[in-house]
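Reading the structure
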Amino acid sequence: MNRQKAQHELIGHMKVLRAFAISLTRNASSADDLVQDTVLKAWSNLDKFEEGTNMRAWLFTILRNTFYSDRRKAKREVADVDGALTAQLSEKPAHDGHLQLADFRAALAQLPPEQREVLTLVGVLQYSYEEAAEVCGVKVGTVKSRLNRGREALAERMGLVENESLEMTDAVTRAVVASGPAPRN
Amino acid sequence: MAKKADKMDVFGQIDANLKRVFEEDAAEDLPPRLLELLEKLDKVEAPVRENANEDAGGNDPS
């Protein structure tokens, strides 16, 4: 692939790539390190990229492989890397009017990165299960399972789990709708 | 069926929040060091680490 064209395309993916990195690291500085490593790896392996295929998916694959590779190394060096990451959860301050989203960010940060990446790929970027499975190097069933577990956990932490009164209301509403319009006299 | 419908609604809310978080992050300006890297990319002598090829070529995180 022409390197100038590749450079231009790569620049176009940078902000989304960085947002994906933040979704994995939950830390802007670590995300920037990760993006930098990813760009350098992509650039030095550009001959492996097939022109006409999805560069963003290729970059995502490099980024998440680098993330897990670094994470394994860090775990060998620091026993409680997850604890350290957990301590950084409230990085984004809860500005006025953004309290709910800040809570959501905090809940999201508590999920395992394997669930966060699938939530991002499928829930946000609308990747198919097959595409997400390819990026993550796992089976389609694993993607579905991680997606479901991630959504369930977030729903529970945000207090969005369905309650009985809501179901009752829905049942009553459905019964009224099903019965059709009241006969006119 | 009712439970399933409610669940889909809840998951819809979850996905909407995920999108808001992601869009907020993606809207941030790139930090100077990444901008600099991109500008000078064609001149960068990329240091290839031992596992660089694996990370760039394969999908297996293990």
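- As recorded in an unreviewed UniProt entry, chain B goes by the name Anti-sigma factor NepR domain-containing protein, listed as coming from Maritimibacter fusiformis.

- The name an unreviewed UniProt entry assigns to chain A is RNA polymerase sigma factor, from the organism Maritimibacter fusiformis.
- Quoted verbatim from the Sequence similarities (unreviewed entry) field of UniProt, the annotation for chain A is "Belongs to the sigma-70 factor family. ECF subfamily."

**Some points on the overall build of chain B**
- Across its full length, chain B holds 3 helices and 0 strands.
- Going residue by residue from the N terminus, the α and β elements of chain B occur as α-α-α.

**Considering the overall build of chain A**
- Counting its regular elements, chain A contains 9 helices and 0 strands.
- Walking chain A from its N terminus toward its C terminus, one meets helices and strands in the order α-α-α-α-α-α-α-α-α.
- For chain A, the residues scored as buried account for 31% of the 185 residues in total.
- Intrachain contacts of chain A at a sequence separation of at least 6 include 59% that bridge at least 24 residues.

**Digging into the domain arrangement of chain A**
Residue and element names in this part refer to chain A.
- Along its sequence, chain A is organised into domain 1 (1–91) and domain 2 (94–160).
- Elements that contribute at least two residues to the side of domain 1 that touches domain 2 include exactly α1 (3–25) and α3 (55–77).
- For the side of domain 1 that touches domain 2, the leading source of residues is α3, giving 4 residues.
- Partitioning the side of domain 1 that touches domain 2 into residue classes produces 5 nonpolar, 3 polar and 2 charged.

**Focus on the packing of α1 of chain A against helix α2 (residues 28–44) of chain A**
All names here are of chain A.
- Packing of α1 against α2 brings their axes to within 8 Å, and their N-to-C directions diverge by 135°. Judged by the angle between their axes, α1 and α2 are oblique. α1 and α2 meet at a crossing whose hand is right-handed. Contacts from Leu-10, Leu-17, Arg-18, Ala-21, Ile-22 and Thr-25 in α1 reach Ala-28, Ser-30, Ala-31, Leu-34, Val-35, Thr-38, Val-39 and Ala-42 in α2.
- Split into classes, the residues belonging to the contact of α1 with α2 amount to 10 nonpolar, 3 polar and 1 charged.

**Section: the UniProt feature "domain: RNA polymerase sigma factor 70 region 4 type" (unreviewed entry) in chain A**
- According to UniProt, the positions carrying the feature "domain: RNA polymerase sigma factor 70 region 4 type" (unreviewed entry) are residues 103–154 of chain A.
- Overall, residues 103–154 of chain A shows 81% helix and 0% strand. The separation of its end C-alpha atoms is 10 Å.

**Side note on the UniProt feature "domain: RNA polymerase sigma-70 region" (unreviewed entry) in chain A**
- Residues annotated by UniProt as "domain: RNA polymerase sigma-70 region" (unreviewed entry) correspond here to residues 13–76 of chain A.
- Measuring from the first to the last C-alpha atom of residues 13–76 of chain A gives 32 Å, for a span that is 81% helix and 0% strand.

**Quick word on the nonpolar core**
- The biggest cluster of nonpolar side chains holds 43 residues, and the ones touching the most others in it are Ala-21, Leu-63 and Ala-132 of chain A.
- Looking at this core, the elements with two or more residues in it are α1, α2, α3, α5 (99–109), α6 (113–124), α7 (129–136) and α8 (140–157) of chain A together with α1 (2–26) of chain B.
- When residues of this core are sorted by domain, at least three fall in each of domain 1 (1–91) and domain 2 (94–160) of chain A.
- Excluding residues that lie within four positions of it along the chain, Leu-63 of chain A makes contacts with Leu-17, Phe-20, Ala-21, Leu-34 and Thr-38 of chain A.

**Some words on α7 of chain A**
All names here are of chain A.
- Those residues of α7 not exposed but buried are Ala-132, Ala-133, Val-135 and Cys-136. Taken around the axis of α7, the buried residues stretch over an arc of 165°, which confines them to a single face.
- Contacts from the buried residues of α7 go to α3, α6 and α8.
- Note on α7: the residue one or two positions beyond its end, Gly-137, has a positive phi of about 65°.

**A closer look at the confidence of the model for chain A**
All names here are of chain A.
- Here chain A shows a mean pLDDT of 82. Residues at 70 or above account for 75%.
- Considering only residues more than four positions removed or in separate chains, one finds that residues 87–97, a stretch of pLDDT under 50, has 13 contacts.
- Here residues 163–174 scores under 50 on pLDDT; set against residues more than four positions off or in separate chains, the count is 9 contacts.

**A word on the packing of α2 of chain A against helix α2 (residues 32–39) of chain B**
- Orientation of α2 of chain A relative to α2 of chain B, taken along the N-to-C sense of each, is 10°, at an axis distance of 10 Å. With respect to α2 of chain B, the element α2 of chain A is oriented roughly parallel. Touching Asp-32, Val-35, Gln-36 and Val-39 of chain A of α2 of chain A are Arg-33, Leu-34 and Leu-37 of chain B, all from α2 of chain B.
- Residue composition of the contact of α2 of chain A with α2 of chain B, by class: 4 nonpolar, 1 polar and 2 charged.

How each quantity is defined
- Residues numbered from 1 in each chain as written.
- Chains lettered and ligands numbered in written order.
- Predicted model: local features only at pLDDT ≥ 70, side-chain atom pairs only at ≥ 80, totals over all residues.
- UniProt positions renumbered as here; feature names shortened; annotations may be inferred.
- Helix = DSSP H or I, 4+ residues; strand = E, 2+ residues; numbered from the N terminus.
- Buried ≥ 20, exposed ≤ 12 C-beta atoms within 10 Å, placed from the backbone.
- Contact = placed C-beta atoms within 7 Å.
- Domains from an automatic or database assignment.
- Nonpolar A, V, L, I, M, F, W, Y, C, P; charged D, E, K, R; others polar.
- Axes fitted to C-alpha atoms, helices over the stretch in contact; angles between N-to-C directions.
- Parallel < 35°, antiparallel > 145°, perpendicular 65-115°, else oblique.
- Left-handed = near helix turned anticlockwise from the far one by under 90°.
- Core = buried A, V, L, I, M, F, W, Y, C linked by C-beta atoms within 7 Å.
- Arc of directions from axis to C-beta.
- pLDDT = per-residue confidence, 0-100.

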